[in-house]
Amino acid sequence: MAVRLDKSWIPLNDENVAKLAAHLGVYQLANDDGEILYIGMAGARSLFGLKGELKTALEEPPAGVTQFRIEVNMSYRTRRLELLQTYMHDHGELPAANTDIDANSIGRLRPG
Amino acid sequence: MDLSLTEEQKLIVEMVKRFVRDEVAPLEDSLDPDEDTLPPEQFDKLVAKTKEMGLYGLGIPPEYGGPEVDITTNTLIAIEYSQHRAGLYAPCYGAFGGAGLAQMFEATEEQKEKYLYPTLRGEMKTFFGLSEPSGGSDPARAIQTRAVRDGDEWVINGSKLWISGADQADYGLLFARTNPKEGRGGVTCFIVETHWPGFNVRRIVHTLRQARHATEIQMEDLRVPHTNILGVEGGGFAIANDRLTRQRIPYAAACLGPAFKAHEMAIEYSQIRETFGAALSSRQGIQWMLVENEIDLRTARWFVLDAAAKADRGDDFRTEAAICKLVASEAAGRVIDRSMQIHGGLGVAKDLPFERWYREIRIRRIGEGPSEVQKHIIARDILGAGLR
Ligand SMILES: Cc1cc2nc3c(=O)[nH]c(=O)nc-3n(C[C@H](O)[C@H](O)[C@H](O)COP(=O)(O)OP(=O)(O)OC[C@H]3O[C@@H](n4cnc5c(N)ncnc54)[C@H](O)[C@@H]3O)c2cc1C
């Protein structure tokens, strides 16, 4: 499995969120330019999984968010951590809207 | 063998039982079912309690600051402290401290000051880097990571697979081949800091277990000072073997914690759940599952305590450690499976802890030496060391 998520971005709107299933997994939110602004997960305590998480993002989008992409993944915790660590490696900081995570606590990855 | 507990052991077991039930388990109601860490405030509170109990640093020999408890008591505690959802791989979320496989008995005073003591104080995290893509069961032959001497330093190249927590660690024990002509005697243990150039954690290896996740690491011209050899050059295999053997008893004991809890929950549930007009517990089909659980648990507990008692007496316990790891990991898997079955659909839902235990216990038949390797160790004892 590739470390980086490189699926196409999908516009964050009612129609696209309605198409999502209630799977567990990870998601990324981005602006119009495809810059990642938030990396999140739909864990076992998320009501309606990815659908529920993206619905919340649609209702209260972090500043600048217009697009999303998802990965269905039962290992949602370790996968989210890997995506956060990879972003940190690539950019030296966490995505702007990931104020819910302490950058010092996520560990270190140097993907090739 | 007398398996009855001393008065002191009974008190300690009861204290840990209460700690898990009253302080740890309730926190899990609001956590993700696969959580393995607590927010700092909650963690610090738990650590303050284990220190108050005099049990912080469990598994660490008293001369290094660990609590004054023998291996048998330690084992009894491990059976108790793992009786909650995260208990298999994150017992009490690490509130008992300890250094796991990274205990460095061979360390020089300088190495102890720099690495061991901060670890024992809970200030540094470690990894244990033995397994490679070429195999983990037989590291003496499989290790291909190469260390070549260059003046006062060693230059290490190669890769390691499955290494738990390397992305979170400050340093770790890395086993590399320093003499390609020798098998066991050609492996050396290096203390390696994870921020050094050339040490790369390439990815998280996603498995059935999300707690203390595995990683893949790659060393590219990683330069390690000669003074960072742990023990002696060529002594790495003996260190790995020693650590794995010691670790097998608490490892086996911790398998039993969730299994005991699962069994307790199955007994309770079978008495309140009714089908076809009668409690599940009135059905012989269910009774036999509970009886098999009971037998599995008693047998495994006996083997674990037997190994611990032998270690306490200072006898060689390598074979007993292998037997108890084998018996406990396999028995616990069966007990969790049966208990899950008795709970029906609830058993497989993330609302209850069974599904996490079921996934994680499966790894225990492979991690730290698969069941077949434990049998190989026991066979060697029976048939003689000449067995390859
Ligand atoms: C989640 C996880 C975390 C881990 N964490 C660490 C860690 O932190 N540090 C570390 O160094 N390693 C770690 N390991 C590695 C673990 O110790 C190895 O997976 C294990 O030793 C088996 O090695 P292998 O996977 O290469 O299997 P192999 O050695 O290739 O063996 C494959 C299978 O062959 C069978 N087998 C092997 N030998 C024999 C024999 N003599 N007779 C009959 N059958 C045999 C067994 O069924 C075995 O499972 C971890 C593994 C996992 C899954």
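All of these numbers come straight from a predicted model, not from anything done at the bench.

Undergrad: Help me understand helix α3 (residues 76-91) of chain A, please; the structure alone is not making it clear to me.
TA: Residues spaced three or four apart along an α-helix face the same direction, because each turn holds 3.6 residues. Look at α3(A): 22 Å from first C-alpha to last across 16 residues, which is about the 22 Å you get at 1.5 Å a residue. Among the 16 residues that make up α3(A), 12 are buried, leaving the element largely enclosed by the rest of the structure. Along α3(A), the residues classified as buried are A:Tyr76, A:Arg77, A:Thr78, A:Arg79, A:Arg80, A:Leu81, A:Glu82, A:Leu83, A:Leu84, A:Gln85, A:Thr86 and A:Tyr87. Looking at the buried positions of α3(A), the neighbouring elements they touch are β2 (25-30), β3 (36-42) and β4 (67-72) of chain A together with β6 (199-205) of chain B. Positive phi appears at A:Gly92, one or two residues downstream of α3(A), with a value of about 75 degrees.

Undergrad: I tried to follow the pairing of strand β2 (residues 146-150) of chain B on my own but got confused; where do I start?
TA: Every other side chain in a regular strand lies on the same face of the sheet, so the side chains alternate between the two faces. Sheet topology note: the β2(B)/strand β3 (residues 153-164) of chain B ladder contains 5 bridges and is antiparallel. Within the sheet, the bridge partner assigned to B:Asp150 lies in β3(B) and is B:Glu153.

Undergrad: Explain empty space enclosed by the protein here, please?
TA: Over the atoms rolls a probe the size of a water molecule, and in doing so it shows where empty space is left. Scanning the model with the defined rule gives 2 cavities of 30 Å³ or more in all. Within this model, the largest cavity holds a volume of roughly 40 Å³. Lining the largest cavity, in full, are A:Arg108, A:Leu109, A:Arg110, B:Ala166, B:Thr194, B:Phe199, B:Asn200 and B:Val201. For the second largest cavity, the calculated volume is near 30 Å³. Residue lining of the second largest cavity: B:Ile60, B:Tyr64, B:Gln103, B:Met104, B:Phe105, B:Leu116 and B:Leu120, and that is the complete set. Across the lining of the second largest cavity, the residue classes tally to 6 nonpolar, 1 polar and no charged.

Undergrad: It is not clear to me how the interface of chain A and chain B should be interpreted in this structure. Could you clarify?
TA: Frequently, the measure chosen for interface size is the accessible area that the parts lose on association. With 24 residues of chain A at the interface, the matching set in chain B holds 26 residues. Summing both sides of the interface, chain A and chain B together bury roughly 2,000 Å²; the carbon and sulfur share of this comes to 44%. A per-residue breakdown of the area chain A buries against chain B is headed by A:Arg45, A:Arg77 and A:Arg110, which together make up 36% of the total. Linking chain A to chain B there are 2 salt bridges. In this structure, A:Arg77 and B:Asp36 form a salt bridge, with 3.5 Å as the shortest nitrogen-oxygen distance. Taken together, the links from chain A to chain B amount to 19 residue pairs in polar contact (both at pLDDT 80 or more). Here the side of chain A that touches chain B gets 7 residues from one element, more than from any other, and that element is α3(A). In terms of residue class, the side of chain A that touches chain B is built from 11 nonpolar, 7 polar and 6 charged.

Undergrad: Can you walk me through the packing of helix α3 (residues 71-81) of chain B against helix α7 (residues 284-312) of chain B in this structure?
TA: In a packed pair of helices, the relevant descriptors are the angle between the two axes and the axis-to-axis distance. All names here are of chain B. In the contact formed by α3 and α7, the axes pass within 8 Å of each other and the chain directions differ by 150 degrees. What the angle tells us is that α3 and α7 run roughly antiparallel. Contact residues: α3 offers Ile71, Thr72, Thr75, Leu76 and Ile79, while α7 offers Arg301, Val304, Leu305, Ala308, Ala309, Ala311 and Asp312. Partitioned by chemical class, the residues of the contact of α3 with α7 number 8 nonpolar, 2 polar and 2 charged.

Undergrad: Can you walk me through the site of the ligand in this structure?
TA: Residue and element names in this part refer to chain B. In the neighbourhood of the ligand, 17 residues make up the surrounding shell, with Phe128, Gly136, Ser137, Trp162 and Glu372 lying closest. Between the ligand and Ser131 there is a distance of 2.8 Å, counted from a nitrogen atom to a side-chain nitrogen or oxygen. A distance of 2.8 Å separates a nitrogen atom of the ligand from a polar side-chain atom of Ser164. Elements that contribute at least two residues to the shell around the ligand include exactly β3 and α11 (371-383).

Definitions and cut-offs
- Residues numbered from 1 in each chain as written.
- Chains lettered and ligands numbered in written order.
- Predicted model: local features only at pLDDT ≥ 70, side-chain atom pairs only at ≥ 80, totals over all residues.
- Heavy atoms only, no water.
- Helix = DSSP H or I, 4+ residues; strand = E, 2+ residues; numbered from the N terminus.
- Expected span 1.5 Å × (residues − 1).
- Buried < 20%, exposed > 50% of the residue type's maximum accessible area, 1.4 Å probe, protein only.
- Contact = heavy atoms within 4.5 Å.
- Pairing = 2+ DSSP bridges.
- 1 Å grid on protein atoms, 1.4 Å probe; cavity = no way out; pocket = protein on both sides within 12 Å on 5 of 7 lines; lining within 4 Å.
- Points joined across faces, edges and corners; volume = space filled by probe spheres on them.
- Nonpolar A, V, L, I, M, F, W, Y, C, P; charged D, E, K, R; others polar.
- Buried area = accessible area lost by both parts, 1.4 Å probe.
- Salt bridge = Lys/Arg side-chain N within 4 Å of Asp/Glu carboxyl O.
- Polar contact = N/O pair within 3.5 Å; in protein donor to acceptor, adjacent residues only side chain to side chain.
- Axes fitted to C-alpha atoms, helices over the stretch in contact; angles between N-to-C directions.
- Parallel < 35°, antiparallel > 145°, perpendicular 65-115°, else oblique.
- Near = heavy atom within 4 Å.

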